[in-house]
Amino acid sequence: MTLQMHAAIAASERLGGVEPLVDGHEIGNAPTMAADLIPRLCAMRRVVGATGFAVLSCSGGGSRIAGKLVPVLADFDRPDDEADEDALARGAAGRALVAHLDCSSLPLVWAGPDDDGPTLHADCRQLVVRTRMADAPMAGIAFPVRLGSLGNGLVVFEGEGLALAAGPLFDLHRLCYRVMTDLLKLEMRKAAPRKSLSDRELACLQWAGDGFKSEAIADKLGLSVHTVNAYLGSATAKLDAVNRIQAIAKAIRLGFIA
Amino acid sequence: MLARNALLERLNEALDDRDLARGMQAICAYVGAEHYLVARSDGPADTALGNVVTSDWPFDLVRSFAAELVREHGKMNEVERCIGIHRPIFAMCDDNLRLPPALSRRYCIIPFNAGSARLVLMLLFREGIVLSQERLHDAALMSAYHAGAFVGTGGAERALDLTEREIECLAWISEGKTSDEISTIIGISRNTVNNYITSIMRKTATKTRSEAIALAVRNSLI
């Protein structure tokens, strides 16, 4: 690699990659809590011409069947009795969003009850999925984000008279990825076990996840069954789980065990 | 170099014609890469070539190099992978690897996801090319858009033959719920829940609930 390449990469890394520049103003520094992302989302909402936004996090690793949407951040300009973000997260709309998240990386666009949906430029034709949403209050667009086994979800913008072209749509999708990644970083900072797991605790969790019962693990490690169960218990407590099964699931999702 | 809007139009055209290669070539042109390779990083580790989705790398390089790289990459810490999604990783080829002339020994590997499929984009460049981090990040999302249309993105549950109810039970078990609690949540009897669990353990050939949950999480079922 040439010196030029080094310099170019170093320079853009110093700049921290893309900082969303809207109207010439940089939006925010590294967020310290989820609400810090709201100015960014408001700017994105302005760009797309929407009236409301919602960040919906999907549990269950984004699985179509086990995934549930949970609103994390939202702001809809209309005062309504039922929170719009809950209407989107549950019911037919929620299921449609989870199904889309499971099978597609493209933005999802839908019409409202009284209109034909956002106007799409011809340069979006293969880069967007159109659908009808049974209980959506108005037209909208959802950007699916999949980071891996954690941090999956959709960023939704709702509004009438949305008009979109491929370039700005793509930029928005990139920004949605930034939002979800920053949210995941925040969550990880909060969720990191107060004391890190010891080697013994990790070993017991790994063996348990591989199908070995406590007696077998005790044999392998040359310990008593009670000691093994104690290690599994302390690992469970450190991972803030209710039992060892949940502890194993968390440990795999967080990458502590394979 | 190809401009961004021109690339998006090329992707439209490639998808119109269901031409996987043409779209990937356009992405290559956009980032200034010479060769591309897209592979799944979530497949079984023993199949050397089975996880490669598409590539225009010289075949010997695919065989000698790509498979091992994908395998190594698959061992990355999950949280780091999630936080670093779409971020390019640079590394040098092994000294004893023979590359075509004019190719730089520095390659780039970018993880991305399409649905529940985990993939990597691996790029080879000519010596002396100046790269843009921005374009490389773009390339990852564009690969998700484009290659995602050609990859089976869901359905790990089909391979294991688990029903929706069974996966639902697994999801609740992984949150620490007991059979009693699950029966209340879903609205079925405790016996039915236990039957589902027995069926799950039979189908997945697991001996304990812990093992069944571990398998499900590793396969992105829950």
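Source: prediction; values computed, not measured.

**A closer look at the overall build of chain B**
So, point 1. Assigned secondary structure in chain B consists of 10 helices and five strands.
So, point 2. Based on the C-alpha atoms only, the size of chain B along its principal axes is roughly 65 × 40 × 30 Å.
So, point 3. Within chain B, buried positions represent 44% of all 222 residues.
So, point 4. In chain B, of all internal contacts separated by at least 6 residues, the share reaching a separation of at least 24 is 61%.

**Let's talk about the confidence of the model for chain B**
The predicted coordinates of low-pLDDT regions are not to be read in fine detail.
Residue and element names in this part refer to chain B.
So, point 1. Mean pLDDT for chain B: 88, with 95% of residues reaching 70 or above.
So, point 2. Within chain B, the element-level pLDDT minimum falls on helix α6 (residues 156–160), averaging 64, and the maximum on helix α2 (residues 20–31), averaging 96.
So, point 3. We note a pTM of 0.84 for the whole complex and an ipTM of 0.87 for its interfaces.

**Digging into the pairing of strand β8 (residues 140–145) of chain A**
Residue and element names in this part refer to chain A.
So, point 1. Among the six residues of β8, six are classified as buried, and the element is accordingly described as predominantly covered.
So, point 2. A two-sided burial pattern is seen for β8, the buried positions comprising Gly140, Ala142 and Pro144 on one face and Ile141, Phe143 and Val145 on the other.
So, point 3. Alignment of strand β5 (residues 108–111) against β8, held across three bridges, turns out to be antiparallel. Across the sheet, Leu108 pairs through a bridge with Ala142, a residue of β8.
So, point 4. Bridge count for β8 against strand β9 (residues 153–158) is six bridges, and the pairing is antiparallel. Bridging from a neighbouring strand, Gly140 pairs with Glu158 of β9.

**A look at the interface of chain A and chain B**
So, point 1. Contacts between the two partners involve 59 residues from chain A and, on the opposite side, 58 residues from chain B.
So, point 2. At the level of secondary structure, the elements contributing two or more residues to the side of chain A that touches chain B comprise α1 (3–14), α4 (91–103), α5 (166–191), α6 (199–209) and α9 (244–253) of chain A.
So, point 3. With 10 residues, the top contributor of residues to the side of chain A that touches chain B is α5(A).
So, point 4. The class makeup of the residues in the side of chain A that touches chain B is 25 nonpolar, 22 polar and 12 charged.

**Structural notes on the sheet that holds strand β3 (residues 52–58) of chain A**
Residue and element names in this part refer to chain A.
So, point 1. The six strands lie next to each other as β4-β3-β9-β8-β5-β7, forming an open sheet whose pairing is mixed. Taken across any chain shown, the strands that pair with only one partner, and hence form the sheet edges, are β4 (69–76) and β7 (129–132). Between one strand and the next, the sheet's axes are offset by a mean angle of 20°, whatever the strand orientation.
So, point 2. Along the sheet, helix α2 (residues 38–48) makes contact with β3, β4, β8 and β9, crossing β3 at roughly 120°.

**Some points on the nonpolar core**
So, point 1. Core analysis: the largest hydrophobic core is formed by 143 residues, its most contacted members being Leu56(A), Ile248(A), Ile27(B), Leu121(B), Leu170(B) and Ile213(B).
So, point 2. With residues up to four places along the chain from it excluded, the contact list for Ile213(B) reads Ile245(A), Ile248(A), Ala249(A), Leu170(B), Ile173(B) and Ser174(B).

**Concerning the sheet that holds strand β5 (residues 117–126) of chain B**
Residue and element names in this part refer to chain B.
So, point 1. The strand order β2-β1-β5-β4-β3 describes an open sheet built from five strands, whose pairing is antiparallel. Each edge of the sheet is formed by a strand with only one pairing partner; in this case those strands are β2 (52–55) and β3 (89–92). Strand after strand, the sheet turns through a mean of 20° between neighbouring axes, direction not considered.
So, point 2. Each of β1 (35–40), β2 and β5 is contacted by α2, which is oriented at about 120° to β1, the strand it contacts most.

**Digging into unusual backbone geometry**
So, point 1. Although it is not a glycine, Arg18(B) sits at a positive phi angle of roughly 50°.
So, point 2. Among the structural elements, Arg18(B) can be located in the loop between α1 (4–16) and α2.

**Side note on the pairing of strand β4 (residues 103–114) of chain B**
Residue and element names in this part refer to chain B.
So, point 1. Bridge analysis of β3 against β4 gives four bridges, and the strand direction is antiparallel. Each bridged residue has a counterpart across the sheet, and for Phe90 the counterpart in β4 is Cys108.
So, point 2. The loop that links β4 with its antiparallel partner β5 comprises two residues; one of these, Gly115, has a positive phi angle of about 65°.

**Some remarks on the environment of Asn195(B)**
All names here are of chain B.
So, point 1. Examined against the element boundaries, Asn195 turns out to sit in helix α9 (residues 190–203).
So, point 2. On the basis of neighbour count, Asn195 is assigned to the partly exposed category, with 14 C-beta atoms found within 10 Å.
So, point 3. Spatially, the C-alpha atom of Asn195 lies 9.5 Å from that of Glu166, the residues being 29 residues apart in sequence.

**Here we look at the domain arrangement of chain A**
So, point 1. Its domain assignment divides chain A into domain 1 (21–191) and domain 2 (199–253).
So, point 2. Taking only C-alpha atoms, the centre of domain 1 of chain A and the centre of domain 2 of chain A are 38 Å apart.

Conventions used here
Residues numbered from 1 in each chain as written. Chains lettered and ligands numbered in written order. Predicted model: local features only at pLDDT ≥ 70, side-chain atom pairs only at ≥ 80, totals over all residues. Helix = DSSP H or I, 4+ residues; strand = E, 2+ residues; numbered from the N terminus. Buried ≥ 20, exposed ≤ 12 C-beta atoms within 10 Å, placed from the backbone. Contact = placed C-beta atoms within 7 Å. pLDDT = per-residue confidence, 0-100. Pairing = 2+ DSSP bridges. Nonpolar A, V, L, I, M, F, W, Y, C, P; charged D, E, K, R; others polar. Axes fitted to C-alpha atoms, helices over the stretch in contact; angles between N-to-C directions. Core = buried A, V, L, I, M, F, W, Y, C linked by C-beta atoms within 7 Å. Domains from an automatic or database assignment.

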